[in-house]
Amino acid sequence: AVLIETSIGDIVIDLYTDERPKTSLNFLKLCKIKYYNYCLFHYVEKGFIAQTGDSKNTGGDSVWGIIQGEEFKHFEAEIIPRLKHKKLGTVSMVDNGSNCHASQFFLTLREDLEYLDGKHTVFGEVAE
């Protein structure tokens with residue numbers, strides 16, 4: 001589990017490290033350097049999602065982009081095995097439109113958002 005400190009309270013997230021190893025590694029490394037701490041939830045829609053993870057308002061960076069430079073800003077989405085946006089509190093990476101991810105992620109604010117499946121990579125769930 002990972003603890004993220006936000007301006008509205010702490011969030012504990014359980015990661016699906018076996019199913020999403022690269023996404024989980026990126027997230028864990030960004031957490032370790034406190035990339036997400038007090039990051040603004042810049043998009044919140046009641047009954048849908050709360051999105052965050054863009055601390056510099058640039059679209060976000062993967063840990064590899066921070067270490068290796070702009071050309072490594074994104075990494076390829078992990079879509080197999082297919083995990084679904086079924087539960088309230090599902091944690092998913094935001095897709096950049098090219099089947100790639102950086103640092104932005106969202107929490108689902110209701111159940112059964114399965115129309116997001118195949119577009120965004122589920123990699124965890126809110127535990128607390």
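Residues numbered from 1 in each chain as written. Predicted model: local features only at pLDDT ≥ 70, side-chain atom pairs only at ≥ 80, totals over all residues. Heavy atoms only, no water.

A. Molecular detail of the pattern of salt bridges. Taken as a whole and assessed by the stated rule, the structure comprises two salt bridges. Taking the shortest distance from any N to any O, the salt bridge between Lys-84 and Asp-117 comes out at 3.9 Å. Of this pair, Lys-84 sits in the loop between β5 (75-76) and β6 (90-93) while Asp-117 sits in the loop between β8 (105-108) and β9 (121-126); the two residues are 33 residues apart in sequence, bridging distant segments of the chain. Residue Lys-87 pairs with Glu-125 through a salt bridge whose shortest N-O separation is 3.1 Å. With Lys-87 in the loop between β5 and β6 and Glu-125 in strand β9, this pair connects stretches of sequence that are 38 residues apart. Given a relative accessible area of 22%, Glu-125 falls into the partly exposed group. (Salt bridge = Lys/Arg side-chain N within 4 Å of Asp/Glu carboxyl O. Helix = DSSP H or I, 4+ residues; strand = E, 2+ residues; numbered from the N terminus. Buried < 20%, exposed > 50% of the residue type's maximum accessible area, 1.4 Å probe, protein only.)

B. Quick look at the state of the cysteines. By the definition in use, this model includes zero disulfides. No disulfide involves Cys-31; its sulfur sits 11 Å from that of Cys-39, the nearest cysteine. (Disulfide = S-S within 2.5 Å.)

C. The arrangement of the nonpolar core in detail. Formed by 20 residues in total, the largest nonpolar core has its most connected members in Ile-4, Ile-13, Phe-27, Tyr-36, Phe-105 and Phe-123. Not counting chain neighbours up to four residues away, the residues in contact with Ile-4 comprise Gly-9, Asp-10, Ile-11, Ile-13, Phe-27, Cys-31, Tyr-36 and Phe-105. Ranked by size, the runner-up nonpolar core spans six residues in total, among them Ile-49, Phe-106, Leu-113 and Leu-116. (Core = buried A, V, L, I, M, F, W, Y, C linked by side-chain atoms within 4.5 Å. Contact = heavy atoms within 4.5 Å.)

D. Looking closely at the environment of Leu-109. Relative to the assigned elements, Leu-109 resides in the loop between β8 and β9. Assessed through its relative accessible area of 33%, Leu-109 is described here as partly exposed. Along the backbone, Leu-109 and Lys-46 are 63 residues apart, and their C-alpha atoms lie at a distance of 6.9 Å. When residues no more than four places from it in sequence are discounted, the contact partners of Leu-109 are Val-44, Glu-45, Gly-47, Phe-48, Ile-49, Ala-50 and Leu-88.

E. Structural detail: empty space enclosed by the protein. Throughout the structure, instances matching the rule amount to one cavity of 30 Å³ or more. Approximately 40 Å³ is the volume found for the largest cavity. If you trace the largest cavity, you find it lined by Ile-4, Thr-6, Ile-11, Ile-13, Tyr-36, Cys-39, Phe-41, Thr-52 and Phe-105. When residues of the lining of the largest cavity are traced back to their parent elements, those giving at least two are β1 (2-6) and β2 (9-15). Class assignment of the residues belonging to the lining of the largest cavity gives a composition of seven nonpolar, two polar and no charged. (1 Å grid on protein atoms, 1.4 Å probe; cavity = no way out; pocket = protein on both sides within 12 Å on 5 of 7 lines; lining within 4 Å. Points joined across faces, edges and corners; volume = space filled by probe spheres on them. Nonpolar A, V, L, I, M, F, W, Y, C, P; charged D, E, K, R; others polar.)

These values are about where atoms sit, not about what they do.
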